[in-house]
There are 2 protein chains.
Amino acid sequence: MNIDMNTRARPADPTPCVIESRVKGVRLHMMREVRDARGDLCAAEVGRDVPFLVRRSFMIYNVPSAETRGEHAHRVCAQFLMAVRGSVRVLADDGSQREEFCLDRPNLGLYLPPMIWGIQHGYSHDGVLLALASDLYDPADYIRDYAQFLAAVRAGKDAA
Amino acid sequence: MNIDMNTRARPADPTPCVIESRVKGVRLHMMREVRDARGDLCAAEVGRDVPFLVRRSFMIYNVPSAETRGEHAHRVCAQFLMAVRGSVRVLADDGSQREEFCLDRPNLGLYLPPMIWGIQHGYSHDGVLLALASDLYDPADYIRDYAQFLAAVRAGKDAA
């Protein structure tokens, strides 16, 4: 899935919509954007766009475009990602399916449930990624090795 | 209070701190920023920086620099404001004291409790304001008339 239209070319106030991806539980939200002469506004609301109460927000910026960030999964923490400025590419992988998303406007939000391997790359020079997270920072929640991630996915399937 | 240092000139990873303002309950948070060759990260955590569970986030951008936004108070909703890109000035007013804050870096967060009159102005051309809010959007929560705001402040004091 590669939504890469020119931001300025699109009509104002597009209809909000949600696009299911082929990666388990990963969804792309096009949120309502309200535009007028005083500036533009878009909102992400818990219960409508974000399926968790937000306990942490973090931003990533000043990322050289050749850099890759992420490269981990969370056991419990869910996240909702937005490129609040510029653009960034996000790869999501559930252990059997993977898909890449181009976040290139503030009103696109990517929901990543727990147990999704995520990679961010291709930051534009002005790119700012905002993540809303369901949980506070906990190093024990991270899986940083892909083989270990696959083993954990298999273990989860076997337990189900 | 006018923190207006050049972002590039400051030392990396400043010590997080909280500055109480003279406006009732309004606080400026300098959050920890983690910088390395792969880019910079800063986080706002509920319980540490943000004293409420976040139920809505919204962004304001593409604001002409001559424009003024805000000009209202919330009866119940609390907010935590950050300039995730560029800069914006925020005036906060509790009905008897007012103070202006310059949000000019991602790791500055301004906590606005309910019943504070807020105005944002002086957006830089690339300015993006991010607000984390304690409540979903509710038009009934807004006080948009300053005289009405002062009356509500007085009524609150009389009831206390």
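About the cut-offs
Residues numbered from 1 in each chain as written. Chains lettered and ligands numbered in written order. Predicted model: local features only at pLDDT ≥ 70, side-chain atom pairs only at ≥ 80, totals over all residues. Heavy atoms only, no water. Salt bridge = Lys/Arg side-chain N within 4 Å of Asp/Glu carboxyl O. Buried < 20%, exposed > 50% of the residue type's maximum accessible area, 1.4 Å probe, protein only. Least-squares fit on C-alpha atoms with pLDDT ≥ 70 in both. Contact = heavy atoms within 4.5 Å. Pairing = 2+ DSSP bridges. Helix = DSSP H or I, 4+ residues; strand = E, 2+ residues; numbered from the N terminus. Polar contact = N/O pair within 3.5 Å; in protein donor to acceptor, adjacent residues only side chain to side chain. Core = buried A, V, L, I, M, F, W, Y, C linked by side-chain atoms within 4.5 Å.

A. Layout of the pattern of salt bridges. Residues and elements named next belong to chain A. For the structure on display, the rule yields 18 salt bridges over all chains. Here E33 makes a salt bridge to R35, at a shortest N to O gap of 3.0 Å. Under the relative-accessibility criterion, R35 is labelled partly exposed at 21%. Two residues, R38 and D36, come together in a salt bridge whose shortest N-O distance is 3.6 Å.

B. Region of the structure containing the relation of the copies chain B and chain A. At an RMSD of 0.0 Å, chain B and chain A line up after a rotation of 180° and a shift of 0.0 Å along the axis. The relationship between the two copies is best expressed as a two-fold rotation axis. By C-alpha distance to the rotation axis, the residue of chain B lying nearest is V54 of chain B, at 2.4 Å. When the interface residues of chain B are mapped onto chain A, 100% of them again lie at the interface, so the same face is used by both copies.

C. Region of interest: the sheet that holds strand β9 (residues 98–103) of chain A. Residue and element names in this part refer to chain A. Taken in spatial order, the 5 strands line up as β9-β8-β11-β6-β13 in an open sheet, and their pairing is antiparallel. Strands at the two margins of the open sheet, each flanked by one partner only, are β9 and β13 (142–143). Here strand β6 (residues 68–74) runs beside β13; their pairing, made up of 2 bridges, is antiparallel. Bridge pairing links A73 to I143 in β13.

D. Seen up close, the sheet that holds strand β8 (residues 88–93) of chain B. The sheet built from 5 strands is open, its strands ordered β9-β8-β11-β6-β13 (chain B) with antiparallel pairing. Single-partner strands in this sheet number two, and they are β9 (98–103) and β13 (142–143) of chain B.

E. Summary view of the environment of D49 of chain B. Residues and elements named next belong to chain B. Here D49 lies in the loop between β4 (39–45) and β5 (56–61). Look at D49 and you get buried, because its relative accessible area is 8%. Sequence-wise, D49 and E20 are 29 residues apart; in three dimensions their C-alpha atoms are separated by 13 Å. Contacts of D49, omitting those with residues within four sequence positions, involve H29, M31, A43, A44 and F80. Only 3.1 Å separates the side chain of D49 from the side chain of R48, close enough to count as a polar contact.

F. Region of the structure containing the nonpolar core. F80 and M82 of chain A together with F80 and M82 of chain B are the most contacted members of the largest nonpolar core, which has 34 residues in total. What F80 of chain A contacts, discounting residues up to four positions off in sequence, is H29, M31, A44, D49, V50, F52, G109, L110, Y111, L130, A131 and L132 of chain A.

G. Structural detail: the pairing of strand β11 (residues 117–121) of chain A. Residues and elements named next belong to chain A. Burial within β11 is extensive, with 4 of its 5 residues counted as buried. When β6 meets β11, the two strands line up antiparallel, connected through 4 bridges. Paired with G70 across the strands is I119, a residue of β11. Pairing of strand β8 (residues 88–93) with β11, which is carried by 5 bridges, proceeds in the antiparallel orientation. What sits directly across from D93, in β11, is W117.

Function cannot be inferred from these measures alone, as they are strictly geometric.
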